[in-house]
There are 2 protein chains.
Amino acid sequence: MPARQAAALIGDGMVIGASGFTRSGDSKAVLAALAEKAEHDHTRITLMTGASLGHGTDGALATAGAVHTRLPFQSDPVMRTIINEGKLSYIDENLSETAAHIRNGFLPPIDIAIIEAAAIEADGSIVPTTSLGNSAIFVQQAGQVIIEINQAVPVGIRGIHDVFLPEDPTGRAILPITEVWQRIGQQVIACDPSKIAAIVFTNQKDSPAETAAGNAVAEAIAGHLLHFFEQEIAAGRLTRSLRPMQAGIGKIADAVLSGLAGGDFEHLTIYSEVLQDSTFKLIESGKMDFASGSSMTLSEACYQRVFADFERYRHKILLRPQDITNAAEIIQRLGIIAINTALECDIYGNVNSSHISGSHIVNGIGGSADFAQNSYLSIFVTESVTKGCKISRIVPMVTHVDHSEHDVDVIVTEQGLADLRGLAPRQKAEAILRNCVHPDYYQELSDYFLRACRRGGHTPHLLEEAFQLHANLAATGSMKARILQSI
Amino acid sequence: MPARQAAALIGDGMVIGASGFTRSGDSKAVLAALAEKAEHDHTRITLMTGASLGHGTDGALATAGAVHTRLPFQSDPVMRTIINEGKLSYIDENLSETAAHIRNGFLPPIDIAIIEAAAIEADGSIVPTTSLGNSAIFVQQAGQVIIEINQAVPVGIRGIHDVFLPEDPTGRAILPITEVWQRIGQQVIACDPSKIAAIVFTNQKDSPAETAAGNAVAEAIAGHLLHFFEQEIAAGRLTRSLRPMQAGIGKIADAVLSGLAGGDFEHLTIYSEVLQDSTFKLIESGKMDFASGSSMTLSEACYQRVFADFERYRHKILLRPQDITNAAEIIQRLGIIAINTALECDIYGNVNSSHISGSHIVNGIGGSADFAQNSYLSIFVTESVTKGCKISRIVPMVTHVDHSEHDVDVIVTEQGLADLRGLAPRQKAEAILRNCVHPDYYQELSDYFLRACRRGGHTPHLLEEAFQLHANLAATGSMKARILQSI
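Keep in mind that what you see is a predicted model, and the values were worked out from it rather than measured.

Caption draft 1: Highlighting the side chain of T279(A). All names here are of chain A. With respect to the element layout, T279 can be found in helix α9 (residues 277-285). Classification of T279 by relative accessible area gives buried; the value is 1%. Setting aside residues up to four positions removed in sequence, T279 forms contacts with I270, M288 and A291.

Caption draft 2: How the structure looks around the nonpolar core. Formed by 75 residues in total, the largest nonpolar core has its most connected members in I347(A) and I347(B). For this core, the elements supplying multiple residues, two or more each, are β23 (394-395), α14 (425-435), α15 (439-455) and α16 (468-476) of chain A together with β23 (394-395), α14 (425-435) and α15 (439-455) of chain B.

Caption draft 3: Highlighting the relation of the copies chain B and chain A. Mapping chain B onto chain A calls for a screw motion: a turn of 180° about the axis and a shift of 0.0 Å along it, with 0.0 Å RMSD after fitting. Such a combination of rotation and displacement between the chain copies is what one expects of a two-fold axis. The rotation axis passes nearest to the C-alpha of E329(B) in chain B, at a distance of 2.2 Å. In this assembly the copies share their binding face: 100% of the residues contributing to the interface of chain B also contribute to that of chain A.

Caption draft 4: Main features of the side chain of T382(B). All names here are of chain B. Tracing the chain through its elements places T382 in the loop between β20 (377-381) and β21 (385-386). Of the polar contacts made by the side chain of T382, one reaches the backbone oxygen of A342; its length is 3.3 Å. Excluding residues that lie within four positions of it along the chain, T382 makes contacts with I221, I252, A342, C345, R393, V412, T413 and E414.

Caption draft 5: Molecular detail of the packing of aromatic side chains. Summed over the entire model, instances satisfying the criterion amount to 13 aromatic pairs over all chains. Here the aromatic rings of F228(B) and F229(B) are separated by 6.1 Å at their centres, their planes lie at 50°, and the arrangement is tilted. F228(B) sits in the buried class, given a relative accessible area of 3%. Between F280(B) and Y313(B), the aromatic rings sit 5.6 Å apart at their centres with planes inclined by 70°, giving edge-to-face as the arrangement. Of this pair, F280(B) sits in helix α9 (residues 277-284) while Y313(B) sits in the loop between α10 (300-308) and β14 (317-319), and the two are 33 residues apart along the sequence. Each member of the pair, F280(B) as well as Y313(B), carries the same accessibility label: buried. Through pairs of rings, three or more aromatic residues link up here, namely Y303(A), F307(A) and F310(A). The residue whose ring lies beneath R243(A) is Y376(A), and the NZ or CZ to ring-centre distance is 5.3 Å.

Caption draft 6: The interface of chain B and chain A, seen in detail. On the chain A side, the residues contacting the 67 residues of chain B number 67 residues. Of the roughly 5,500 Å² buried at the junction of chain B and chain A (both faces included), carbon and sulfur atoms supply 53%. Taken together, the connections running from chain B to chain A amount to two salt bridges. A salt bridge links R333(B) to E329(A); the shortest N-O distance between them is 3.0 Å.

Caption draft 7: Main features of the packing of α14(A) against α15(A). Residue and element names in this part refer to chain A. Axis separation between α14 and α15 bottoms out at 11 Å; the angle between their running directions is 165°. With respect to α15, the element α14 is oriented roughly antiparallel. Crossing handedness for the pair α14 and α15: left-handed. Counting all contacts with α14, which are made through R426, A429, E430 and L433, the residues of α15 involved are Y442, L445, S446, F449 and C453. For the contact of α14 with α15, the residue count by class is six nonpolar, one polar and two charged.

Caption draft 8: Summary view of the packing of helix α7 (residues 216-234) of chain A against helix α8 (residues 251-262) of chain A. All names here are of chain A. Put simply, α7 and α8 touch, their axes get as near as 8 Å, and they point 50° apart. Considering the angle they form, α7 stands oblique to α8. Crossing handedness for the pair α7 and α8: right-handed. In contact with A218, E219, I221, A222, L225, L226 and F229 of α7, α8 contributes K251, I252, A255, V256, G259 and L260. Class assignment of the residues belonging to the contact of α7 with α8 gives a composition of ten nonpolar, one polar and two charged.

Caption draft 9: Geometry of the sheet that holds strand β17 (residues 351-352) of chain B. Within the open sheet, the three strands sit side by side as β17-β16-β23 (chain B). Their pairing is mixed. The open sheet has two edge strands, β17 and β23 of chain B, and neither has a second partner.

Caption draft 10: Region of interest: the environment of A33(A). Residues and elements named next belong to chain A. Here A33 lies in helix α2 (residues 30-41). Judged by relative accessible area, A33 falls into the buried class, the value being 13%. Considering only alpha carbons, one finds A33 and L61, 28 residues apart in sequence, at a separation of 9.4 Å.

Caption draft 11: View of the pairing of strand β25 (residues 416-419) of chain A. Residues and elements named next belong to chain A. One ladder, built from four bridges, connects strand β24 (residues 410-413) with β25; its direction is antiparallel. Counterpart to V410 in the pairing with β25 is D419. Connecting β24 to the antiparallel partner β25 that follows it, the hairpin turn spans two residues.

Caption draft 12: Examining the sheet that holds strand β17 (residues 351-352) of chain A more closely. Residue and element names in this part refer to chain A. Pairing is mixed in the open sheet, where three strands are placed in the order β17-β16-β23. Edge positions in the sheet fall to β17 and β23, since each of these pairs with one other strand and no more. Direction of pairing for strand β16 (residues 344-346) relative to β17: antiparallel, over a ladder of two bridges. What sits directly across from E344, in β17, is N352.

Caption draft 13: Structural detail: unusual backbone geometry. That bond from L71(A) to P72(A) is cis: its omega, -10°, falls within 30 degrees of zero. Inspection of the secondary structure assignment puts P72(A) in the loop between β3 (67-71) and α4 (77-84). Backbone geometry at K387(A) places phi at a positive 55°, although glycine is not the residue there. By the element assignment, K387(A) lies in the loop between β21 (385-386) and β22 (391-392). In this structure, L242(B) takes a positive phi of about 50° despite not being glycine. The topology assignment puts L242(B) in the loop between α7 (216-234) and β9 (245-247). Since its relative accessible area comes to 5%, L242(B) is described here as buried.

Caption draft 14: α15(B), seen in detail. Residue and element names in this part refer to chain B. With 17 residues, α15 should cover 24 Å at 1.5 Å per step; its first-to-last C-alpha distance of 25 Å lies within 8% of that length. Looking only at α15, the buried set comprises Y441, E444, L445, S446, Y448, F449, R451, A452 and C453. Those residues of α15 that are buried lie in contact with β21, β22 (391-392), β23, α14 and α16 (468-476).

Calculation criteria
- Residues numbered from 1 in each chain as written.
- Chains lettered and ligands numbered in written order.
- Predicted model: local features only at pLDDT ≥ 70, side-chain atom pairs only at ≥ 80, totals over all residues.
- Heavy atoms only, no water.
- Helix = DSSP H or I, 4+ residues; strand = E, 2+ residues; numbered from the N terminus.
- Buried < 20%, exposed > 50% of the residue type's maximum accessible area, 1.4 Å probe, protein only.
- Contact = heavy atoms within 4.5 Å.
- Core = buried A, V, L, I, M, F, W, Y, C linked by side-chain atoms within 4.5 Å.
- Least-squares fit on C-alpha atoms with pLDDT ≥ 70 in both.
- Polar contact = N/O pair within 3.5 Å; in protein donor to acceptor, adjacent residues only side chain to side chain.
- Phe/Tyr/Trp six-rings, centres within 6.5 Å; stacked < 30°, edge-to-face > 60°.
- Lys NZ or Arg CZ within 6 Å of the ring centre and 35° of its normal.
- Buried area = accessible area lost by both parts, 1.4 Å probe.
- Salt bridge = Lys/Arg side-chain N within 4 Å of Asp/Glu carboxyl O.
- Axes fitted to C-alpha atoms, helices over the stretch in contact; angles between N-to-C directions.
- Parallel < 35°, antiparallel > 145°, perpendicular 65-115°, else oblique.
- Left-handed = near helix turned anticlockwise from the far one by under 90°.
- Nonpolar A, V, L, I, M, F, W, Y, C, P; charged D, E, K, R; others polar.
- Pairing = 2+ DSSP bridges.
- Expected span 1.5 Å × (residues − 1).

By themselves these figures say nothing about function.
Following this line, the structure appears as structure tokens:
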């Protein structure tokens with residue numbers, strides 16, 4: 001049926017579970033039609049997805065007032081503004097947790113699932129497209145299912161998915177993945193045909209990933225990290241295969257992974273959320289044996305290349321549900337090296353991934369805590385300054401904590417790398433000040449630390465000055481104004 | 001040999017791994033002798049244990065200057081002062097992590113293990129006493145082993161331990177515990193006899209647990225929590241067996257567990273760190289089927305009762321290594337209800353477990369994050385005020401974050417209970433303000449929240465006032481001075 005007719009099934013107050021993870025495999029037509037409908041009839045829903053949607057869909061829905069509650073992740077600038085105005089409730093969840101929260105009854109029951117498919121099989125089973133996210137739990141739990149068959153996605157994509165629905169936590173099931181490439185589930189999402197309320201045809205690609213152009217800061221960070229890996233290999237703690245890698249989206253992660261392609265590494269693997277251009281470059285370079293994720297988010301050029309010769313890649317990749325890619329149990333067992341981006345770090349190694357000046361959310365925590373808490377090595381990367389040096393990414397105290405110092409092993413900026421393993425807080429501060437801070441902020445941050453130490457404490461702070469850099473920024477547009485002396 | 005002679009084996013700069021967890025099963029003689037020796041020869045060591053030691057041993061070592069680095073937990077008031085003075089490096093670790101950090105080479109190699117034992121077997125195997133903690137990994141990794149045979153512990157304690165050493169993370173081993181009572185290891189700690197450098201005899205009980213006298217605040221909190229459990233049962237999310245329980249040490253946890261003994265519950269289980277008096281009361285009441293922990297920390301009276309009739313209890317308890325009791329994998333699989341104590345909470349549900357006014361550590365994070373991050377339900381309890389109402393435990397922004405709002409499901413004070421599941425930050429603030437705050441602080445905290453909301457943001461804050469209550473406290477001895485109006 002037309003998308004508009006399918007959207008008419010969505011009533012005011014409903015809970016919708018939609019496919020889509022890092023802008024891949026998302027609803028292209030029905031959610032867009034819902035935004036149009038809501039302009040007229042003021043339908044307001046709770047919208048759950050895997051993670052972010054593409055094509056400005058979240059922005060259109062938010063502008064139309066169609067969403068009163070959104071979870072577990074979004075990255076749309078328009079929706080973000082409306083969230084920060086307090087007009088839309090955003091439940092920013094660890095990406096591993098939503099499926100369990102649904103199963104446990106901690107979230108309201110799902111009325112309708114909207115799932116992008118490459119095909120439907122005779123028994124109702126759904127062949128997913130470029131992401132798996134929370135699609136399987138949505139189909140399992142929803143009363144009705146709307147399927148969008150996207151004819152832009154080759155049917156040959158069937159087979160790269162490993163659909164596994166864990167039992168209820170009371171079921172005491174082991175998640176038996178012990179190798180990155182191991183399959184534990186089905187190739188398709190089982191679906192009772194009687195639940196299929198609508199089938200809509202689309203023919204539109206995912207929003208393409210932005211290509212990470214050459215970036216000196218990202219390359220400097222990658223250089224420090226590759227040097228660190230070499231040291232770990234020399235110390236016997238890593239081999240030339242490193243360990244399964246997780247990397248957040250973005251230029252820095254892309255530069256690090258591209259750096260691996262040029263380095264003396266072999267039999268690399270990825271166990272991450274998102275497979276990006278760099279994943280496929282590593283496969284093409286012969287250095288990557290296997291990559292497991294929950295979505296493929298590619299540039300236009302990479303997408304073309306991969307799907308033009310899909311047989312070359314299909315046996316080296318797997319897409320899993322996000323409660324499997326991000327499961328603490330598997331991340332710990334595989335001993336993952338996690339590389340995530342910090343919005344700001346403090347001198348003691350606490351990391352803010354989500355909130356500008358403590359109040360305004362950018363995107364959300366995503367899967368960063370799932371990986372930081374459970375990885376073998378938890379690495380956070382960030383530029384030391386931004387906005388023409390008006391903002392230092394290293395501050396005395398972060399204004400919002402997503403990752404406590406206990407879950408941060410290494411911090412890297414273009415200035416250098418601080419290895420925080422086995423250090424007490426004052427030692428961590430010395431390592432971060434020495435290695436990571438931009439020279440323009442070194443004096444102020446060191447001065448804060450030394451004066452705080454004189455006042456005492458295990459993690460010395462001057463509470464009345466802890467956010468002085470942020471106050472400077474608010475007052476003058478730059479953090480650089482002089483830190484007030486301690487009273 | 002005499003303890004003094006064994007202590008002479010410990011040289012300056014050595015790394016010592018000693019038994020002991022929540023003041024149970026700790027070295028009674030050799031560490032005390034080391035403190036004496038250090039007074040004269042200035043020996044300084046790195047000391048790792050399971051968790052806290054009894055008998056003031058940490059204080060004596062710190063006073064003697066015998067420890068330059070201490071991990072992963074301590075709770076001694078004398079050592080705490082020296083840590084906060086910056087004279088002793090304290091690596092405050094999640095209790096699950098130390099064993100892995102040792103295996104991974106993230107911590108320095110262990111020279112000598114000092115292990116309290118009930119007996120040594122013919123092949124060198126060690127029968128542990130009232131805790132297991134990190135003892136097995138210390139024995140496995142240490143170059144030499146000093147054993148303290150404590151004749152005050154009945155040899156009949158043999159059999160309540162389940163000693164399991166996971167493989168290196170590269171070993172990709174599943175931790176196959178699917179039930180609280182399941183054994184996966186050995187009853188004793190294997191030890192190469194050639195590593196045993198000394199055997200010392202002692203005859204001294206563990207430091208007894210402080211008995212939790214009747215406490216109106218603790219009982220009010222327990223009452224709210226039991227009412228919540230009844231609601232969850234009525235909603236079909238829990239049964240009368242609840243789920244395996246973890247509870248931190250202290251009066252409130254004791255009151256909650258004692259409340260369970262009086263309520264309409266059955267076939268209860270515990271999967272926790274410490275088995276306290278309340279565990280054995282629940283066993284005696286017939287309501288508790290099984291309790292798994294890493295130590296037994298009992299009052300004098302309870303200790304007498306349990307060891308006078310040990311056969312009654314031995315098949316209902318098990319002591320495991322702390323990387324097993326606190327393993328993310330098992331905590332998630334068993335679906336644990338975790339009850340931990342907050343030092344302060346903020347209006348958005350972030351929790352500080354460890355630092356007074358952001359700088360001064362009390363004890364440490366212990367296992368609270370291991371459980372909060374991975375439990376089915378993460379509950380934090382605290383009195384709403386302390387020090388004669390001069391300190392509010394609920395503040396606008398916590399001065400140190402051990403647990404982010406993502407890892408906190410429920411907050412309970414004697415005022416009431418805030419169920420934060422499925423809420424966005426502003427909704428969490430409303431629930432905490434409505435239910436948990438002391439009336440004396442309600443107006444100021446509400447005012448902060450409303451003014452912050454007017455300024456905007458997903459998690460609205462006024463950074464310049466976020467620590468005003470703490471500034472009041474520092475200036476006047478009470479948080480109660482009026483919050484400055486927003487500029």
